Amino acid sequence: MDETIDWEKVIKKEARGLDDYDLGEVQEIDQERVITKKGVVDKDKFYLPRNKVNRFDGDKLWFEISKDEAHAYKHSETIDWEKVIKKEARGLDDYDLGEVQEVNEDVVKTKKGVVDKDKFYLPRSKALRFEEDKLWFEISKDEAKAYKHD
């Protein structure tokens, strides 16, 4: 990442990935992520890691992210939480987080395995999207260990 980027100047600028893939318009930036919004009707948000930023050319913020990789960072604005029960939960790199058992205000509870069942209490805020009968989370295999309960 280029540390000389003036982050204040990238708000409302276009975000682009590899091969000029459209990642939407930069909405906000925090310590770890750049949040973009793409689309007018079916709005998608991307929660892109700041460490994937390549450069800012004054007009566009460029990321070292391919179209396929971008999918992992996409967040649908609306998740119908009633439809996710008994569906698969997946993390980054298609990591299996089990089957959704319960959802409350803050946590999505999942169970993985048949005999030795692992239980995960996943923060709802880490849910990216619900599509193709899978609930996707911005959680890596290593991070998942922190949400595991006995």
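Cut-off values and rules
Residues numbered from 1 in each chain as written. Predicted model: local features only at pLDDT ≥ 70, side-chain atom pairs only at ≥ 80, totals over all residues. Heavy atoms only, no water. Helix = DSSP H or I, 4+ residues; strand = E, 2+ residues; numbered from the N terminus. Buried < 20%, exposed > 50% of the residue type's maximum accessible area, 1.4 Å probe, protein only. Contact = heavy atoms within 4.5 Å. Pairing = 2+ DSSP bridges. Phe/Tyr/Trp six-rings, centres within 6.5 Å; stacked < 30°, edge-to-face > 60°. Lys NZ or Arg CZ within 6 Å of the ring centre and 35° of its normal.

Chemist: Describe the overall build of the chain, naming the residues involved and giving the relevant values.
Modeler: Broken down by element type, the chain carries two helices and 14 strands. For the C-alpha atoms alone, the extent of the chain along its principal axes is close to 55 × 30 × 25 Å. The proportion of buried residues among the 150 residues of the chain is 36%. For the chain, the proportion of contacts with a sequence separation of at least 24, taken over those separated by at least 6, is 42%.

Chemist: Explain the sheet that holds strand 11 (residues 118-123) residue by residue, including any values.
Modeler: A sheet is described by the order of its strands in space; here seven strands give the open sequence 12-13-8-9-10-11-14, paired in mixed fashion. Sheet topology places strand 12 (127-131) and strand 14 (148-149) at the edges, where each strand pairs with a single neighbour. Where strand 8 (residues 88-90) lies against strand 9 (residues 96-103), two bridges are found, and the strand directions are antiparallel. Paired with arginine 90 across the strands is aspartate 96, a residue of strand 9.

Chemist: Outline the packing of aromatic side chains, listing residues and values.
Modeler: What the rule picks out here adds up to zero aromatic pairs. If you follow arginine 50 out to its NZ or CZ, it ends over the ring of tryptophan 7, 4.3 Å from the centre.

Chemist: Help me get a handle on the environment of lysine 86, residues and values and all.
Modeler: Of note, lysine 86 is situated in the loop between strand 7 (74-76) and strand 8. The sequence separation of lysine 86 and tryptophan 7 amounts to 79 residues, and the corresponding C-alpha distance is 41 Å. Dropping the residues within four chain positions of it, lysine 86 is found in contact with Glu99, Val100 and Gln101.

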